[in-house]
Amino acid sequence: MAILECSGLTKRYGTRLALDRVSLTIEPGRIVGLLGPNGSGKTTFLKICNGLLTPSNGTVLIDGVAPGAATKSCVSFLPERTYLNDWMTVAQIIDFFSDFYPDFSREKAYSMLGSLNLSSRDRLKTLSKGTKEKVQLILVMARQAKLYLLDEPIGGVDPAARDYILNTIIKNYNPEASVVLSTHLIADIETILDDVIFLKDGTVTHAAAADELREKNNMSIDGLFREVFKC
Amino acid sequence: MLGKLLKYEFRSTGRVFLPFYGALVVVAIVTRILNSVKPSGRVGLIAPQLIGIVVTALMLGAVCVIAIILTIQRFNRNLLGDEGYLMFTLPVGTDSLIWSKLIVSVVWFLLSAVFGLFAIAILTPNLTREILKGIGVLFRDLFGHGAARDFSTVIYLLSGVLSVVWAVLSVYTAGSLAMLVNRRRGLAAFGFWIGITTVAQIIGTLLLTWATHIDYSAWWNELSYGTREVLGSLAVCATALVGSAALYIITRVMLKRRLNLE
């Protein structure tokens, strides 16, 4: 069964169409790049999959179920913004995740904190935006979820941390789990992608295996992206 | 999961309220000590006494203001703002999210009233004993007049708590209805709140007018005094309960079916 399936997904903000009849299927065990320029509908799509936005039309199923309390226990979502409670310390937010998500691994979280030289005693309020993003990514990746939905996971961090994040995603690979990465920094993630989805003005223009797209167009995904989204 | 949500909600709000309650009690005690010192012609001692009374009065007002602001802020920031991205991706139901906020807000409102009264009791010399005596008299007056009267007193007290619940839910409903608007949601929430309270007042007035114009004297006069008391209290409680339930349902539908985080 597909881990994520959507059909005719449409979202309007007033008169503006953010998603236009998007139909997709994501199978388990795939790393999928959700690629498109700013305003193409990537964030809207991920928010709908997490139940944070109500679609105007269409349906989404996560592991065969509509987004709700049940799907949230198997989806690990990294939003593009900072959502942490500022008054907590890093250790307290780890306790928070551990309390609510049965699949959260404290050992994994502390190990990743150590690798990135972050202290669990630091108050989140005192951390820089980039460091907060790293903490968020650690929290999201320390879960043993069936589906990881990562919205711009490498957009706000330095190149060294970017490599670490991509390595973490690969290391966490599990044949049962899928990762959907939304970004416009294609060159950095191209090598790890199994499948690619191009979103343009809320519609899917390409959805295929990365190798298939490279062969068919005789160019890299980054090159194809530049061609499709040429200004 | 509701228990876990309550734990974090109390922890988050308690770090504001508890130090404030502590400060309120300390200021009240210091003021009382200053008040107990006889000025004996030294004008200089009157100033600290006055300052103490003014500061305590300001803090009493501030406790109420903080309770209101935190009720609005916790709902808007923690559920409808950036933190909502975390709260709505937790594997918990919408009901648990609303109940955790509601229970904690109501508890802080009631505790603020208790600490406010406590500070006044400390501040006013010789009044503490009188107040405690007064509470004893109040309970004696309220209870001990037969089962029916005692029951209706409990129902009236419950209605008082329900009116706090209604007030908190009116803020939640206004905030969640503002998700229907794409811009200036804060302003829209305030507009919705004005609308909700206006509609509630109109419905209340219509109900009262209707109740006073019905000729139910025939069966009402046949009822015993106790039964009338019980029916009266139940009608007040039922009105508060129905009003609160209506607001809860609207908030729930908005958060479950119309969630639109910016």
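Residues numbered from 1 in each chain as written. Chains lettered and ligands numbered in written order. Predicted model: local features only at pLDDT ≥ 70, side-chain atom pairs only at ≥ 80, totals over all residues. Heavy atoms only, no water.

Colleague: For this particular structure, what's the right way to read the nonpolar core?
Modeller: Soluble globular proteins: nonpolar side chains tend toward being buried together. Membership of the largest hydrophobic core comes to 112 residues, with the highest contact counts inside it found for Phe45, Ile93, Phe96 and Ile169 of chain A. If one sorts the elements of this core by residue count, helix 6 (residues 147-177) of chain B sits on top with seven residues. Built from parts of two domains, this core gets at least three residues from each of domain 1 (1-141) and domain 2 (143-262) of chain B. For Ile169 of chain A, the residues in contact, after removing those within four places along its chain, are Ile31, Met141, Leu150, Val179, Leu181 and Ile192 of chain A. Counting 16 residues, the second largest nonpolar core, distinct from the first, contains Phe17, Tyr21, Met59 and Ile66 of chain B. (Core = buried A, V, L, I, M, F, W, Y, C linked by side-chain atoms within 4.5 Å. Buried < 20%, exposed > 50% of the residue type's maximum accessible area, 1.4 Å probe, protein only. Helix = DSSP H or I, 4+ residues; strand = E, 2+ residues; numbered from the N terminus. Domains from an automatic or database assignment. Contact = heavy atoms within 4.5 Å.)

Colleague: Would you explain the pairing of strand 2 (residues 16-26) of chain A in this entry?
Modeller: Side-chain positions along a regular strand alternate between the two faces of the sheet. All names here are of chain A. Pairing analysis gives seven bridges linking strand 1 (residues 4-13) to strand 2, with the strands arranged antiparallel. Bridging from a neighbouring strand, Lys11 pairs with Leu19 of strand 2. In sequence, strand 1 turns back onto strand 2 through a hairpin of two residues, with Gly14 there showing a positive phi of about 65 degrees. (Pairing = 2+ DSSP bridges.)

Colleague: Looking at this model, I keep getting lost on unusual backbone geometry. Mind explaining?
Modeller: Leaving glycine out, the prevailing phi sign among residues is negative, and the prevailing peptide bond configuration is trans. Residue and element names in this part refer to chain A. Even without a glycine there, the phi angle at Asp63 is positive, about 50 degrees. Along the chain, the position of Asp63 falls in the loop between strand 4 (57-62) and helix 2 (69-72). Looking at Asp63, the relative accessible area reads 24%, which means it is partly exposed. One non-glycine residue, Asp201, lies in positive phi territory at about 50 degrees.

Colleague: Sorry if this is basic, but what is going on with the sheet that holds strand 1 of chain A here?
Modeller: Remark on secondary structure: sheet strands pair via backbone hydrogen bonds, oriented parallel or antiparallel. Residues and elements named next belong to chain A. The antiparallel open sheet is built from three strands, whose spatial order is 2-1-4. The two strands at the open ends of the sheet, each matched to only one other strand, are strand 2 and strand 4. Going from strand to strand, the sheet's axes swing by 20 degrees on average, the running direction of each strand aside. Packing of helix 1 (residues 42-49) onto the sheet brings it into contact with strand 1, strand 2 and strand 4, and relative to strand 1 it is tilted by some 120 degrees. (Axes fitted to C-alpha atoms, helices over the stretch in contact; angles between N-to-C directions.)

Colleague: When you look at the side chain of Thr197 of chain B in this model, what are you seeing that I'm missing?
Modeller: All names here are of chain B. Note that Thr197 resides in helix 7 (residues 185-213). With a relative accessible area of 19%, Thr197 lands in the buried category. From its side chain, Thr197 meets the backbone oxygen of Ile194 in a polar contact 3.0 Å long. (Polar contact = N/O pair within 3.5 Å; in protein donor to acceptor, adjacent residues only side chain to side chain.)

Colleague: Help me understand the sheet that holds strand 3 (residues 31-35) of chain A, please; the structure alone is not making it clear to me.
Modeller: Residues and elements named next belong to chain A. In space, the six strands of this open sheet follow the order 5-6-7-3-8-9, with mixed pairing throughout. The two strands at the open ends of the sheet, each matched to only one other strand, are strand 5 (75-78) and strand 9 (203-209). Sheet twist, expressed as the average angle between the axes of neighbouring strands with direction ignored, equals 15 degrees. With four bridges joining them, strand 5 and strand 6 (residues 147-151) adopt parallel strand pairing. Bridge pairing in strand 6 places Val75 opposite Leu147.

Colleague: Looking at this model, I keep getting lost on the packing of aromatic side chains. Mind explaining?
Modeller: What characterises a pair of aromatic rings is the spacing of the ring centres plus the angle enclosed by the ring planes. Within the structure shown, the criterion is met by 16 aromatic pairs over all chains. Measuring from centroid to centroid gives 5.8 Å for Phe198 of chain A and Phe225 of chain A, while their planes differ by 90 degrees, and the two rings are edge-to-face. Here Phe198 of chain A is found in strand 8 (residues 195-200), whereas its partner Phe225 of chain A is found in helix 9 (residues 221-228), with 27 residues between them in sequence. You can call Phe198 of chain A buried: its relative accessible area is 0%. Taken together through their ring pairs, the aromatic side chains of Phe96, Phe97, Phe100, Tyr101 and Phe104 of chain A together with Tyr8 of chain B make up a single cluster. (Phe/Tyr/Trp six-rings, centres within 6.5 Å; stacked < 30°, edge-to-face > 60°.)

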